[in-house]
Amino acid sequence: VQLVESGGGLVQPGGSLRLSCAASGFTFSSYDMSWRRQAPGKERELVAAITSAGAGTNYADSVKGRFTISRDNAKNTVYLQMNSLKPEDTAVYYCYARSRNYRIYWGQGTQVTVSS
């Protein structure tokens, strides 16, 4: 099983990034997916989630209207489009997969730094 994140990096405030998470080794279309992040000295938190078929999404209040989660089950990939980035969005972003019987997988994380 692998979840491989990509797309992180350094961006100026107000900029955009698109994170991708490529999944393999399990039935991706049967898993709800989410992005979570952890900033230095803080607990890991949910950023955005999407149901297995992509019909439902939810977002942390802090990112609503700025971030969009989506998935392509044909490509076994989930995305996080991040716009209007703020310094407080700086964190390691993790891809997270959960099946209906609560089998869980984590990615290794990708660093996002928002700074001028």
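Residue positions within a chain follow its written sequence, with the count starting from 1. Whole-chain, interface and lining totals are the exception, using all residues; otherwise, since this is a predicted model, local features are given only for residues with pLDDT of at least 70 and side-chain atom pairs are given and counted only at 80 or more. Side-chain numbers come from the whole structure's heavy atoms, not from hydrogens or water.

K.L.:
Where do I start with the nonpolar core in this structure?
P.N.:
Counting 30 residues, the largest nonpolar core has Leu3, Met33, Trp35, Val78, Leu80, Met82 and Tyr93 as its most contacted members. The numbering of helices and of strands both runs from the N terminus, where a helix is a DSSP run of H or I of at least 4 residues and a strand a run of E of at least 2. Looking at this core, the elements that each hand over two or more residues are strand E3 (17–24), strand E4 (32–38), strand E5 (45–50), strand E7 (67–72), strand E8 (77–82), strand E9 (91–98) and strand E11 (110–114). By the convention used here, residues are in contact when the closest approach between their heavy atoms is within 4.5 Å. Once residues lying within four places of it in the same chain are set aside, the contact partners of Met82 are Gly15, Ser16, Leu17, Leu19, Arg66, Phe67, Tyr93 and Val112. Here, nonpolar core means buried Ala, Val, Leu, Ile, Met, Phe, Trp, Tyr and Cys residues that are tied together by side-chain atoms lying within 4.5 Å of each other. Partly exposed residues are those whose accessible area sits between 20% and 50% of the maximum for their type, while under 20% is buried and over 50% is exposed, using a 1.4 Å probe and protein chains only.

K.L.:
Where do I start with the packing of aromatic side chains in this structure?
P.N.:
Note on aromatic pairs: each is described by the distance of the centres and the angle between the planes. Think of it this way: a Phe, Tyr or Trp ring, Trp meaning its six-membered ring, pairs with another when their centres are within 6.5 Å, and the plane angle makes it stacked under 30 degrees, edge-to-face over 60, tilted otherwise. Inspection of every chain in the model, using the stated rule, returns 6 aromatic pairs. Residues Phe26 and Tyr31 carry aromatic rings whose centres are separated by 4.6 Å and whose planes lie at 65° to one another, so their mutual orientation is edge-to-face. Residues Phe26 and Tyr31 agree in their burial class; the two are buried. Their ring planes at 25° and their centres at 5.8 Å tell us that Tyr31 and Tyr105 sit as a pair that is stacked. Taken together, the residues Tyr31 in the loop between E3 and E4 and Tyr105 in strand E10 (residues 104–106) connect sequence positions 74 residues apart. Its relative accessible area of 17% is what places Tyr105 among the buried residues. Through a chain of ring-to-ring contacts, the aromatic side chains of Phe26, Phe28, Tyr31 and Tyr105 assemble into a single cluster. Each ring is checked for a lysine NZ or an arginine CZ that lies within 6 Å of its centre and within 35 degrees of its normal; such an atom marks a charge sitting over the ring. Taking NZ or CZ as reference, Arg44 lies 3.7 Å from the ring centre of Tyr94, over its face.

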